[in-house]
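Next come the chains, spelled out residue by residue.
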Amino acid sequence: MRATDLLESRPDGLYCPQGDFWIDPVRPKPRAVVTHGHADHCRPGHEALLVTPETARIAAARYGAGAFGAVETLRCGETLRIGDATLRFAPAGHVLGSAQAVIEAGGARAVVSGDYKRRPDPTCADFEPVPCDLFVTEATFGLPVFRHPPTETEVGKLLASLARFPERAHAVGVYALGKAQRLAAELRRAGWDRPIFIHGALQKLCDVYRDLGVDLGPLEPATAKEKDRLRGEIVLAPPSALADRWARRLPDPVICAASGWMQVRQRAKQRGVELAMVISDHADWDELCATLRETGAETVWVTHGAEEALCRWCALAGVDARPLSIFGLGDEEE
Ligand SMILES: [Zn+2]
Ligand SMILES: [Zn+2]
């Protein structure tokens, strides 16, 4: 069997005919294998959801207990037979619980990576390269201009600003799943041991991370009552909260953001960001190319992001590649 027979690209997502299941479908399906908890990959309404135990916890926190007919879990490394296919998960290094779906049938192997990064992340397991025939890659930052700087350098910018402006609150825009917890953990690694103040919208997922054993240090709710208490402190909030009235309650805030998109100056400017940290949960250009080489895949399918550029790189490297345009993927929380 050819690996390209293991997956069909359909408008709602990738479908495996041997196992009669979908991977990260954008509409409700009888059986969905979901790579991670971000909203563009994990949508409510599937009759059966198959995920890692960590993603199951995250999905329950986001959508509530009744969002799926049934939830099945599979740990990374365990194998499950589904119809004529076998499935296992391998860590993707993207957010807690994120996994690549490794699908095998008839001696062929396809890997759907979901979203991934290659930098170490104190809040989740490192990406594991899996040799395969067909590799489905994301391309969120799939242009040669995207090169993420070292995380320590970016975290250092925030700490330097806090030392320079001890009277000002430092409000950092971070998405609720992944970036908030990773930034907290990175700050702990850099020696910041004061409480980190969090917007209410981040509480639930921070609790899930902590329940699952990720050390985030002391977190406190960022309430408006004790405004002066927030001087010289770090406040984490969703980017939308920093754009509205909520941020005005903070004492003379330095508006910060932590995102791979902060490499694009125009975006930082549009959002009124004073301190931009380029901290991404996706692979940069070099890491995408290195990963494609490591998998040894003869065929690569490219989804959400700069699909054409990565396909051109593949053609030059002698790899058969094609862009997949799946509606609704890539509205990424980054
Ligand atoms: Zn994601
Ligand atoms: Zn994504």
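All figures in this text were calculated on a predicted structure; none of them were measured in a lab.

Of all eleven residues making up helix α3 (residues 179-189), eight are buried, and the element is well covered by its neighbours. Burial in α3 covers these residues: Lys 179, Ala 180, Gln 181, Arg 182, Leu 183, Ala 184, Glu 186 and Leu 187.

Before going further, it helps to examine the sheet that holds strand β4 (residues 31-33). Hydrogen bonds between backbone groups are what pair the strands of a sheet, and the pairing can be parallel or antiparallel. With mixed pairing, the six strands of this open sheet are ordered in space as β1-β2-β3-β4-β5-β6. Of all the strands in the sheet, just β1 (8-10) and β6 (70-73) have a single pairing partner and so form its edges. Taken over all neighbouring pairs, the strand axes of this sheet differ in orientation by 30° on average, direction set aside. Bridge analysis of strand β3 (residues 21-23) against β4 gives two bridges, and the strand direction is parallel. The partner of Ile 23 across the bridge, within β4, is Val 33. Contacts from helix α1 (residues 53-63) reach β5 (48-51) and β6, with the element oriented near 130° to β5.

Reports of interface size often rely on the accessible area that becomes lost once the parts have come together. One can read the domain layout of the protein chain as domain 1 (3-145 + 282-323) and domain 2 (151-277). Between domain 1 and domain 2, the C-alpha centre-to-centre distance is 29 Å. In this assembly, 14 residues from domain 1 lie in contact with 15 residues from domain 2. When the residues that make up the side of domain 1 that touches domain 2 are grouped by side-chain class, the tally is six nonpolar, four polar and four charged.

Criteria and thresholds
Residues numbered from 1 in each chain as written. Chains lettered and ligands numbered in written order. Predicted model: local features only at pLDDT ≥ 70, side-chain atom pairs only at ≥ 80, totals over all residues. Buried ≥ 20, exposed ≤ 12 C-beta atoms within 10 Å, placed from the backbone. Helix = DSSP H or I, 4+ residues; strand = E, 2+ residues; numbered from the N terminus. Pairing = 2+ DSSP bridges. Axes fitted to C-alpha atoms, helices over the stretch in contact; angles between N-to-C directions. Contact = placed C-beta atoms within 7 Å. Domains from an automatic or database assignment. Nonpolar A, V, L, I, M, F, W, Y, C, P; charged D, E, K, R; others polar.

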